[in-house]
Amino acid sequence: MLQLRPVLTMRRRKSGRIALCGVLCALAMTLMLGGSVLPFATFCAPAMGGILLVPIAMECGMRLAWVSYAALSILSVLFVPDKESAFIFVFLLGHYPLLKAYLQRIPWRWLRAVVKTVVFNGLVLACYGVVLYILPIQAIVQEFAHTAPLALAGLLALANVCFWVYDAALNNLIRAYALRMRPLLRRFL
């Protein structure tokens, strides 16, 4: 019986981590679906859904976190009524907390900031390129058609400011999770 105890503990830990992954993915999907009901949640729901991938990455590993992101992306595109919100999750805010782990390894702070800015702006252009030209969503196409190019440039500049606020908030949330929530969660996993 003593020999089975480590195996059972290891199985319990693995099943607990997978259960945590499933619960957090379900919560992220619920946020994405709820974001379709509230008009101002087009950007908030994908951001919160992406943040929920951080505990998965820290407790279950990056591989399972990327698989969770892929599953949530597919489910979001298929089932979330607000397609703009779904594409923002897929292209921008869903994977950024995972991508941030790799970007933080860049040793120079200024180079890290430049790379993050280039990546963000590239992803914004890719997201709205898909939404406007490849899979045109008529409401967004009409909205962009009636907006002056200078106003769109201003929106992109404002999006960059919001991105840096999100990045700083993500740093604080990751630190708070690691210091406060992770020790509590470790008791159950």
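All values derive from a computational prediction rather than experimental measurement.

A.B. asks: I'd love a proper account of the packing of helix 6 (residues 96–103) against helix 7 (residues 109–134), names of residues and values included.
C.D. replies: Packing of helix 6 against helix 7 leaves a shortest axis separation of 11 Å and a crossing angle of 150 degrees. Regarding the angle of helix 6 to helix 7, the classification is roughly antiparallel. Judged by the twist between their axes, the crossing of helix 6 over helix 7 is right-handed. Contacts between helix 6 and helix 7 involve Y96, L99, K100 and L103 from the first element and R112, V115, K116 and V119 from the second. Of the residues contributing to the contact of helix 6 with helix 7, the split by class is 5 nonpolar, no polar and 3 charged.

A.B. asks: Talk me through helix 7; I want residue IDs and the actual numbers.
C.D. replies: End to end, helix 7 covers 36 Å across 26 residues, agreeing with the expected 38 Å (1.5 Å per residue, within 8%). What helix 7 keeps buried is the set R112, K116, F120, N121, L123, V124, C127, Y128, G129, V130, V131 and L132. Looking at the buried residues of helix 7, the elements they touch are helix 5 (83–93), helix 6, helix 8 (138–145) and helix 9 (149–186).

A.B. asks: Break down the packing of aromatic side chains for me, with residues and values.
C.D. replies: The geometry of an aromatic ring pair is captured by two quantities: the separation of the ring centres and the angle between the planes. According to the stated counting rule, one finds 8 aromatic pairs in the structure shown. With 5.9 Å between their ring centres and 90 degrees between their planes, W66 and Y69 make a pair best called edge-to-face. Here W66 and its partner Y69 are both found in helix 4 (residues 62–79), 3 residues apart, which amounts to about one turn of the helix. Since its relative accessible area comes to 28%, W66 is described here as partly exposed. Look at Y69 and you get buried, because its relative accessible area is 12%. Between Y96 and F163, the ring centres sit 5.1 Å apart and the planes meet at 70 degrees, which makes this aromatic pair edge-to-face. Of this pair, Y96 sits in helix 6 while F163 sits in helix 9, and the two are 67 residues apart along the sequence. For Y96, a relative accessible area of 4% translates into the label buried.

A.B. asks: Explain the layout of surface pockets residue by residue, including any values.
C.D. replies: Estimated volume of the largest pocket: approximately 810 Å³. Together, 27 residues line the largest pocket, and F43, V124, Y128, L155 and A159 are the ones closest to its centre. Elements represented by at least two residues in the lining of the largest pocket include exactly helix 2 (44–51), helix 5, helix 7, helix 8 and helix 9. The element contributing the most residues to the lining of the largest pocket is helix 9, with 9 residues. In the lining of the largest pocket, the residues fall into 23 nonpolar, 2 polar and 2 charged. The volume enclosed by the second largest pocket comes to roughly 240 Å³. Around the second largest pocket, the lining comprises 13 residues; the ones closest to its centre are I51, L52, P55, Y177 and M181. Counting residues per element, the ones that place at least two in the lining of the second largest pocket are helix 1 (4–35), helix 3 (53–60) and helix 9. Of all the elements, helix 9 adds the most residues to the lining of the second largest pocket, at 7 residues.

Each value, and the rule that gives it
Residues numbered from 1 in each chain as written. Predicted model: local features only at pLDDT ≥ 70, side-chain atom pairs only at ≥ 80, totals over all residues. Heavy atoms only, no water. Axes fitted to C-alpha atoms, helices over the stretch in contact; angles between N-to-C directions. Helix = DSSP H or I, 4+ residues; strand = E, 2+ residues; numbered from the N terminus. Parallel < 35°, antiparallel > 145°, perpendicular 65-115°, else oblique. Left-handed = near helix turned anticlockwise from the far one by under 90°. Contact = heavy atoms within 4.5 Å. Nonpolar A, V, L, I, M, F, W, Y, C, P; charged D, E, K, R; others polar. Expected span 1.5 Å × (residues − 1). Buried < 20%, exposed > 50% of the residue type's maximum accessible area, 1.4 Å probe, protein only. Phe/Tyr/Trp six-rings, centres within 6.5 Å; stacked < 30°, edge-to-face > 60°. 1 Å grid on protein atoms, 1.4 Å probe; cavity = no way out; pocket = protein on both sides within 12 Å on 5 of 7 lines; lining within 4 Å. Points joined across faces, edges and corners; volume = space filled by probe spheres on them.

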